[in-house]
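What follows is each chain in one-letter form.
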Amino acid sequence: MKRVLMLAAENGSIPRAKVGGMADVIRDLPAALAEQGVMTDVIMPSYGFLAGSVNATKLAEFSVTFGGARQSVALLSTPHPEVEGAVIYFIDAQDGVFSGKAQEIYSQGSDERPFAEDANKFALFCLCVATAINEHLLPWPKLIHLHDWHSAMFSLLSQYDEDFQKLSAIPCVYTIHNLAIQGIRPLRGDSSSLSAWFPNLLEKLSPEQLRAVIDPRYPHCINPMRVGINLCAKVHLVSPTYADEVLKPSDHGAGFFGGEGLEADLQRKQDSGALVGILNACVYDELADEASVKESLGSAKASVRDKLRDKGVRGTAAKNRANTQELGNKPDHPRAVQGIVEQDDTWLGLLELMESALLCWQGDKQWVACCDQIALTRIAGLWRRVWLSKDTQLSKLQSADKPSMNKHIGPNMLVTSVGRLTDQKVLILRQRVVLANGQRVSVLESILQALAQTHPEGVFILLGSGDAKIAREFSAIAAGYANFIFLNGYDEAVSDALYRNGDLFMMPSSFEPCGISQMLAMKAGQICLVHGVGGLRDTVADNETGYLFFGDSLAGQAESLLGRFSDALGEYNSEKWQSMERLASQQRFDWASSALKYRQDLYEF
């Protein structure tokens, strides 16, 4: 079995080692590659805490010269939790270069010195991996797979540093998860620069070699992303459409994000047949498969969303009730009356999960953040709506007429969104538009107004953290709109519940290399409204599994998004809608198909 070594900054197989979508790929891909006869090991920084969190075994200690000083390094390992025979390795520098804030993978850095701390830690990481392979502390791999700019400096060492000349015989391939983040740093004159990391190497680079790795816009800087593109044998983009988009120059003013200054390098790779676009994938569980395949067209009224919810985990409320009944205790609220609770578990569970997440986020704070207080207040209002609805139902049960109960005490339409608070994800939502009444509002506010007008009990829940300025904007909007809950953070259980319970998933990214959220939403039978770019265009079929919007400018994109949202509001719960839900739940973007393309097209095994 051929053996590949992956270098990555994140890994979803390890607790607390996930920040973004790269972690999902590093978690899921090795198992799929094993089915293709490829054994995949992963090596990553320990960041001062990951190796200890899984009781990793120390394999070796060695030292490297970095930044003009000798650094002591430990190499540790743990068996891959899902793939027999595969190994996850950790690099742990003893002087704390890898340790930023406690249990933090990436450093925030500053506007004056972007990427400075992270560039130091990942340059050292690449040096340590090169040294470990060179000194046979790691098995000699058939191929090395680098992921994003964090690991790209390995290719600089293997191709240009005479101390690692042996490593040039190992083919390297490079995956770009997000071309917009490139890790650019100065060549010299800074403690986080190429000359500070590898002073002897910089002086020995030929003019031709230097031209291949400096930033084309800032010739006094090294660009790790460009290093990976130019020095690796093949370059992989994480969706076919994104692989086409990056060949064109970006035009941010027109709302187009393409090659981000590196389109000429990528075009050269394309011309030589060394650039491939392979879609990331999603793991599908048996419950979702059974629901999407076996549920028939026979029930005209019940949508696939309700069927999937019934088959899924019912949430905290159901678990609490089951525990109460098991102990023989009587619940202390009228919701225990037969027939009322059963239909509401998912919504009640979601409310409880959101409250729990918000409370957990306060654990190390002296004061409750304004945005969290607003979210807790909004959730309290939704609880009041639940109890008022239940009291009304109880009154009807006790009346002579005994009319049928309203089973849906939650929102009559639940719009959801999960993602980082960055301009990549929400720039279009922040654009200003002028309404028919002359009011000038953001696209997000226009969406909330339209939702309130057509579905007065509808709710939009957005889960995400990131840019502080964006968080303040969204918090202010949440204070002014009762149908908007902004959760400024990330919680896996809340995220899963939003995928399961939402009716319409919003993903209006300005660009999207692949995206996993839309796949998770569709897996749960939730229709998606997405920008027709990158992996979103490759996974969501317009008017079949969701709604796509386009536009040649930011204003055009904003207008198109609002138009498609209006379409969704008008078609909600129609026969077309239910057919789209069913078809969305049946889509399969599986790792088996993608892993085959990795083996054949990227690895050429």
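The structure under discussion appears in the preceding block.
Every chain is numbered on its own, with residues counted from 1 as its sequence reads. Under the rules for a predicted model, residues below a pLDDT of 70 receive no local features and side-chain atom pairs below 80 are neither given nor counted, while totals for whole chains, interfaces and linings still include all residues. Side-chain measures were taken over the full set of non-hydrogen atoms in the model, leaving aside hydrogen atoms and water.

A.B. asks: Just to check I follow, could you spell out the overall build of the chain for this structure?
C.D. replies: If you tally the helices and strands in the chain, you get 24 helices and 19 strands. Relative to its full complement of 605 residues, the chain shows a buried share of 55%. Only heavy atoms enter the contact rule, under which two residues are in contact if any of them lie within 4.5 Å. Contacts in the chain between residues far apart in sequence, at least 24 positions, make up 71% of those at least 6 positions apart. For the area figures, the Shrake-Rupley method with a 1.4 Å probe applies, and any residue is considered shielded solely by the protein chains shown. Summed over all atoms, the accessible surface of the chain reaches about 25,500 Å², with 49% contributed by carbon and sulfur. Numbering of helices and strands runs from the N terminus, with a helix taken as a DSSP run of H or I at least four residues long and a strand as a DSSP run of E at least two residues long. Exposure categories follow from relative accessible area, calculated using a 1.4 Å probe and restricted to protein chains: below 20% of the type maximum is buried, above 50% is exposed, and the middle band is partly exposed.

A.B. asks: Would you mind showing me how to read the side chain of T241 here?
C.D. replies: Along the chain, T241 turns up in helix α9 (residues 240–245). Taking the relative accessible area as the measure of exposure, T241 reaches 17% and is therefore buried. Sequence-distant contacts of T241, that is, excluding residues within four places in its chain, are made with V533, G534, R537 and D538.

A.B. asks: Mind showing me how you'd approach helix α19 (residues 492–501) here?
C.D. replies: Given 3.6 residues to a turn, an α-helix orients residues that are three or four positions apart in the same direction. Every buried residue of α19 is accounted for by V494, S495, A497, L498, Y499 and N501. Any N or O atom pair separated by 3.5 Å or less is treated as a polar contact, with the protein-specific requirement of one donor-capable and one acceptor-capable atom, and with residues adjacent in sequence counted only for side-chain atom pairs. With a side-chain oxygen positioned 3.1 Å from the backbone nitrogen of A493, the residue opening α19 is D491.

A.B. asks: Mind showing me how you'd approach the packing of helix α8 (residues 224–231) against helix α10 (residues 263–271) here?
C.D. replies: In a packed pair of helices, the relevant descriptors are the angle between the two axes and the axis-to-axis distance. To get an axis, fit a line to the C-alpha atoms, keeping to the stretch in contact for a helix; angles then go from 0 to 180 degrees between the N-to-C directions. Between α8 and α10, the least distance of the axes is 10 Å, while the angle of their chain directions is 15°. The orientation of α8 relative to α10 falls into the category roughly parallel. Crossing handedness for the pair α8 and α10: left-handed. On the side of α8, the interface is formed by R226, I229 and N230, while α10 contributes D265, L266, R268 and K269. Three classes are used: nonpolar for Ala, Val, Leu, Ile, Met, Phe, Trp, Tyr, Cys and Pro, charged for Asp, Glu, Lys and Arg, and polar for all others, with Gly counted as polar. When its residues are assigned to classes, the contact of α8 with α10 shows 2 nonpolar, 1 polar and 4 charged. Here the word oblique covers every angle except those under 35 degrees (roughly parallel), over 145 (roughly antiparallel) and from 65 to 115 (roughly perpendicular). In a left-handed crossing the near helix is turned counterclockwise from the far helix by less than a right angle, and in a right-handed crossing that turn is clockwise.

A.B. asks: Which parts of the structure should I look at to understand the nonpolar core?
C.D. replies: Across soluble globular proteins, you tend to see nonpolar side chains buried next to one another. Core analysis: the biggest nonpolar cluster contains 147 residues, and F154 and F484 have the highest contact counts within it. Top contributing element to this core by residue count: helix α3 (residues 116–134), with 12 residues. Ignoring any residue separated from it by four or fewer positions in sequence, one finds F484 in contact with R378, L444, L448, F460, L462, F474, I477 and A478. Among the nonpolar cores identified, the runner-up in size contains 43 residues, and Y284, W383, L414 and L463 belong to it. Side-chain atoms within 4.5 Å link the members of a nonpolar core, which is a set of buried Ala, Val, Leu, Ile, Met, Phe, Trp, Tyr and Cys residues.

A.B. asks: I keep staring at unusual backbone geometry and nothing clicks. Help me out?
C.D. replies: Note: most peptide bonds trans; most residues except glycine with negative phi. Positive phi, close to 70°, is recorded for F115, a residue that is not glycine. Mapped onto the elements, F115 comes out in the loop between β5 (87–93) and α3. The backbone of N543 shows a phi angle near 65°, a positive value even though the residue is not glycine. Counting through the fold element by element, N543 comes out in the loop between α21 (534–539) and β19 (546–549).

A.B. asks: Whenever I open this one, the packing of aromatic side chains confuses me. Can you help?
C.D. replies: Between two aromatic rings, the relevant description is the distance of the centres plus the angle of the planes. Note on ring pairs: Phe, Tyr and Trp rings are taken, using the six-membered ring of Trp, and paired if centres are within 6.5 Å. Classes follow the plane angle, with under 30 degrees stacked, over 60 edge-to-face and the rest tilted. Evaluated as defined, the whole model comprises 16 aromatic pairs. An angle of 80° between the planes, with centres 6.4 Å apart, marks the rings of Y47 and F122 as edge-to-face. Of the two residues, Y47 sits in the loop between β2 (38–45) and α2 (50–53) while F122 sits in helix α3, which places them 75 residues apart along the sequence. Across the pair, exposure class does not vary: Y47 and F122 are buried alike. Ring plane angle 70° and centroid distance 5.6 Å describe the contact between F115 and W149, whose orientation is recorded as edge-to-face. Highlighted residues: F115 in the loop between β5 and α3 and W149 in the loop between β6 (143–147) and α4 (153–160), separated in sequence by 34 residues. Given a relative accessible area of 30%, F115 falls into the partly exposed group. Overall, the relative accessible area of 4% leaves W149 in the buried class. An aromatic cluster is defined as three or more aromatic residues linked by ring pairs; in this entry it consists of Y47, Y106, F115, F122 and W149. Each ring is checked for a lysine NZ or an arginine CZ that lies within 6 Å of its centre and within 35 degrees of its normal; such an atom marks a charge sitting over the ring. Note that K2 overlies the ring of F605, its terminal NZ or CZ placed 5.7 Å from the centroid.

A.B. asks: Explanation requested: the environment of G20 in the structure shown.
C.D. replies: Secondary-structure assignment places G20 in the loop between β1 (2–7) and α1 (21–35). Taking C-alpha positions, G20 is 9.1 Å from G419, a pair spaced 399 residues apart along the chain.

A.B. asks: Help me understand the pattern of salt bridges, please; the structure alone is not making it clear to me.
C.D. replies: Two side chains carrying opposite charge are able to pair once their charged atoms lie near each other. We define a salt bridge as a side-chain nitrogen of Lys or Arg found within 4 Å of a carboxyl oxygen belonging to Asp or Glu. Enumeration according to the criterion identifies 22 salt bridges in this entry. Between R27 and D28 there is a salt bridge, with its nearest N and O atoms 2.7 Å apart. On the basis of relative accessible area, R27 is assigned to the partly exposed category, the value being 30%. Across the salt bridge formed by R113 and D190, the nearest N and O atoms sit 2.7 Å from each other. Of this pair, R113 sits in the loop between β5 and α3 while D190 sits in the loop between β8 (185–186) and α5 (194–197); the two residues are 77 residues apart in sequence, bridging distant segments of the chain. Judged by its relative accessible area of 22%, D190 is partly exposed.

A.B. asks: It is not clear to me how the environment of I477 should be interpreted in this structure. Could you clarify?
C.D. replies: Within the secondary structure layout, I477 lies in helix α18 (residues 468–480). Residue class for I477 comes out buried when judged on its relative accessible area of 10%. Considered as a pair, I477 and S442 are 35 residues apart in the sequence and their alpha carbons are 9.3 Å apart. Not counting chain neighbours up to four residues away, the residues in contact with I477 comprise S442, L444, E445, L448 and F484.

A.B. asks: How should helix α22 (residues 554–571) be read in this particular structure?
C.D. replies: By definition here, a helix of n residues has an expected span of 1.5 Å times n minus one. A rise of 1.5 Å per residue sets the reference length of α22, with its 18 residues, at 26 Å; its end C-alpha atoms lie 26 Å apart and thus fit the reference within 8%. Listing the buried residues of α22 in full gives L554, Q557, A558, L561, L562, R564, F565, A568 and L569. An end-on view of α22 places all buried positions within 165° of arc, on one side of the element. In α22, the exposed residues that point more than 90 degrees away from the buried face are A555, E559 and G570. The arc refers to the directions leading from the helix axis to the C-beta atoms.

A.B. asks: What is the right way to look at the pairing of strand β18 (residues 527–531) in this model?
C.D. replies: Strand residues, when the strand is regular, have side chains that alternate between the two faces of the sheet. With 5 of 5 residues buried, β18 lies mostly within the body of the structure. Of the two faces of β18, both are covered, the one formed by I527, L529 and H531 as well as the one formed by C528 and V530. Pairing of strand β17 (residues 504–507) with β18, which is carried by 4 bridges, proceeds in the parallel orientation. Bridging across to β18, M506 finds its partner in L529. A pair of strands is treated as paired once DSSP finds two or more bridges between them.

A.B. asks: I keep staring at the sheet that holds strand β7 (residues 172–176) and nothing clicks. Help me out?
C.D. replies: Hydrogen bonding along the main chain pairs the strands of a sheet, whether they run parallel or antiparallel. Spatial strand order, β3-β4-β5-β2-β1-β6-β7-β10-β11: 9 strands in an open sheet with mixed pairing. Only two strands of the sheet have a single partner each, and these edge strands are β3 (57–66) and β11 (275–277). Each neighbouring strand pair of the sheet contributes to a mean axis angle of 25°, computed without reference to strand direction. The sheet contact formed by β7 and strand β10 (residues 234–237) spans 4 bridges and is parallel. Following the sheet pairing, I176 is matched in β10 by L237. The sheet strands contacting α1 are β1, β2 and β6, and the helix crosses β2 at an angle near 155°. Lying over the sheet, α3 contacts β1, β2, β3, β4 (69–79), β5 and β6, oriented at roughly 115° with respect to β3.

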